[in-house]
Amino acid sequence: MDSKLPSSVRSTLLELFGQIEREFENLYIENLELRREIETLNERLAAEGQAIDGAELSKGQLKTKASHSTSQLSQKLKTTYKASTSKIVSSFKTTTSRAVCQLVKEYIGHRDGIWDVSVARTQPVVLGTASADHTALLWSIETGRCLVKYSGHVGSVNSIKFHPSEQLALTASGDQTAHIWSYAVQLPTPQPIADTTQQICGEDEVECSDKDEPDVDADVSSDCPTIRVPLTSLKSHQGVVIAADWLVGGKQAVTASWDRTANLFDVETAELVHSLTGHDQELTHCCTHPTQRLVVTSSRDTTFRLWDFRDPSIHSVNVFQGHTDTVTSAVFTVGDNVVSGSDDRTVKVWDLRNMRSPIATIRTDSAINRINVCVGQKIIALPHDNRQVRLFDMSGVRLARLPRSSRQGHRRMVCCSAWSEDHPMCNLFTCGFDRQAIGWNINIPALLQEK
């Protein structure tokens, strides 16, 4: 009977099945060779059992030695099988995920690593980056041009967040302060987008040198307006301010510091409203709920804490314990869930109504940095120390990995990710130690369909 599949799909399937057959053939040959090695080893051990150093080897000792050697080869056999089958699965993922994750634009201009990336929540929609070069830059998402440079800090700029309704930015710095500053931008005319249909999500990658970084000899930020003085400076910390965020409504802001405290400020007066103490080690991140007066802080003490300011007379705190290393970030999602990421290479999804244990755990092969959740689709973006960015759903199912090779993707550690669900061109942004931010277009319907 004639196939009803399109010829292109049919040829792709035939090619994949051919790969499967070749992989299993190679695996079968390797297994035969390993079994021969096991038999040879057993024969040699049996011969050696007659006399070792002039004394007879007891049956128990012989059995133990043979069992240990056989176990080693058995483990080798399992490893070979796992590697071969993983390659087959990788072939499927590489082919079927074609054009699901496209690299659209690179934002190059910082002179040191970029710690944080954020997207404005008001019009005009711009991209913000915070860098160890002591500056924050605002970018045109469409053209990749730098629109505004903020140089008011005298230390590394560790985070950037946009006001929920006004053209204000909040930046946290190693100079022990957080700054609120105003910006006014005019977006340039967008240029035609280059064809990126060949960019793919897959498991294969080409290793590239850490020295292979964007060329920033020409200071692209020198031509854009520079803001040097903040509207408000939030001061009270005795250490690096590692992160800051706006509370719902934008009238208050929270900061997290290496001095082991988080502080709640009144934006208009810059006065300290509350000092949140309790963490045993340096804080690493803070995040606010989009619709409720809730704050979550993360720390090197392996915990994250939920602070509740909904009742003005009661400021309750809940401690979440479940990680075995630094909690690098914890973020809110829709409803009553929090997602936490850690240097222990896991991500955990929590229900705020039940703090005792996570409802899902994602185990990875590398430490996880500042995570972000696509609220509408409930997709978690995980930036890793090993230069990868992976996408998971809230139940822990892996959806994709952003492409990375010698020509695209990050060359060094990826520090942060940020979703922009409504932008037609890019809906995910990442940044890293390679001094660049990247805008991606993730075909979410196709991604979820493959799931």
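Residues numbered from 1 in each chain as written. Predicted model: local features only at pLDDT ≥ 70, side-chain atom pairs only at ≥ 80, totals over all residues. Heavy atoms only, no water.

- Going by what an unreviewed UniProt entry lists, the protein is known as WD repeat-containing protein 37 and is assigned to Zalophus californianus.
- A UniProt comment under Function (unreviewed entry) is attached to the protein, and it reads "Required for normal ER Ca2+ handling in lymphocytes. Together with PACS1, it plays an essential role in stabilizing peripheral lymphocyte populations."
- The heading Subunit (unreviewed entry) in the UniProt record of the protein holds the text "Forms homodimers. Interacts with PACS1. Interacts with PACS2." (UniProt positions renumbered as here; feature names shortened; annotations may be inferred.)

## Section: the overall build of the protein
Moving on, step 1. Across its full length, the protein holds three helices and 29 strands.
Moving on, step 2. By residue count, 52% of the 451 residues in the protein fall in the buried class.
Moving on, step 3. Excluding contacts between residues fewer than 6 apart, the proportion of contacts in the protein whose partners are at least 24 apart in sequence is 55%.
Moving on, step 4. Counting every atom, the protein has about 21900 Å² of accessible surface; 49% of that belongs to carbon and sulfur. (Helix = DSSP H or I, 4+ residues; strand = E, 2+ residues; numbered from the N terminus. Buried < 20%, exposed > 50% of the residue type's maximum accessible area, 1.4 Å probe, protein only. Contact = heavy atoms within 4.5 Å. Areas by Shrake-Rupley, 256 points an atom, 1.4 Å probe, with all protein chains shown as cover.)

## Notes on the sheet that holds strand E19 (residues 327–332)
The strands making up a sheet associate through hydrogen bonds between their backbones, and the pairing can be parallel or antiparallel.
Moving on, step 1. Reading across from one edge, E19-E20-E21-E22 is the order of the four strands in this open sheet, with antiparallel pairing throughout. The sheet is open, and its two borders are formed by E19 and strand E22 (360–363), each paired with just one other strand. Looking at each pair of strands side by side, their axes are set apart by 15° on average, direction ignored.
Moving on, step 2. Relative to strand E20 (residues 337–342), E19 runs antiparallel, the two being bridged by five bridges. Within E20, the position partnered with serine 329 by the bridge is glycine 341. (Pairing = 2+ DSSP bridges. Axes fitted to C-alpha atoms, helices over the stretch in contact; angles between N-to-C directions.)

## Remarks on the side chain of histidine 285
Moving on, step 1. The topology assignment puts histidine 285 in strand E15 (residues 283–288).
Moving on, step 2. Setting aside anything within four residues of it in sequence, one finds histidine 285 in contact with Ile242, Ala243, Ala256, Val296, Thr297, Ser298, Thr328, Ser329, Ala330, Val331 and Arg370.

## As for the environment of asparagine 369
Moving on, step 1. Among the structural elements, asparagine 369 can be located in the loop between E22 and strand E23 (372–374).
Moving on, step 2. For the pair asparagine 369 and aspartate 343, spaced 26 residues apart in the sequence, the C-alpha separation amounts to 7.7 Å.
Moving on, step 3. Dropping the residues within four chain positions of it, asparagine 369 is found in contact with Thr328, Ser329, Pro383, His384, Asp385, Met413, Val414 and Cys415.

## Thoughts on unusual backbone geometry
Moving on, step 1. Residues glutamine 123 and proline 124 are joined by a peptide bond in cis, for which omega reads -5°.
Moving on, step 2. Here proline 124 shows up in the loop between strand E2 (114–119) and strand E3 (127–131).
Moving on, step 3. Phi is positive for histidine 134, which is not a glycine, with a value near 75°.
Moving on, step 4. Within the secondary structure, histidine 134 is located in the loop between E3 and strand E4 (136–139).
Moving on, step 5. When its relative accessible area of 34% is taken as the criterion, histidine 134 is described as partly exposed.
Moving on, step 6. One non-glycine residue, lysine 378, lies in positive phi territory at about 55°.
Moving on, step 7. Structurally, lysine 378 is set in the loop between E23 and strand E24 (379–383).
Moving on, step 8. Residue classification places lysine 378 among the partly exposed residues on the basis of a relative accessible area of 42%.

## Quick notes on the packing of aromatic side chains
Moving on, step 1. Under the definition given, this model contains nine aromatic pairs.
Moving on, step 2. On the numbers, 5.6 Å between centres and 75° between planes, the contact of phenylalanine 304 with tryptophan 350 is edge-to-face. Remark: tryptophan 350 occurs in strand E21 (residues 346–351) and phenylalanine 304 occurs in strand E17 (residues 303–311); sequence separation between them is 46 residues. Comparing phenylalanine 304 with tryptophan 350 shows no difference in burial state: the two are buried.
Moving on, step 3. Centroid distance phenylalanine 320 to tryptophan 350: 5.5 Å. Interplanar angle 85°. Geometry classified as edge-to-face. Pair noted here: phenylalanine 320 is in strand E18 (residues 314–321) and tryptophan 350 is in strand E21, with a separation of 30 residues, a long-range link.
Moving on, step 4. Relative accessible area serves as the criterion here: at 0%, tryptophan 350 is assigned to the buried category. (Phe/Tyr/Trp six-rings, centres within 6.5 Å; stacked < 30°, edge-to-face > 60°.)

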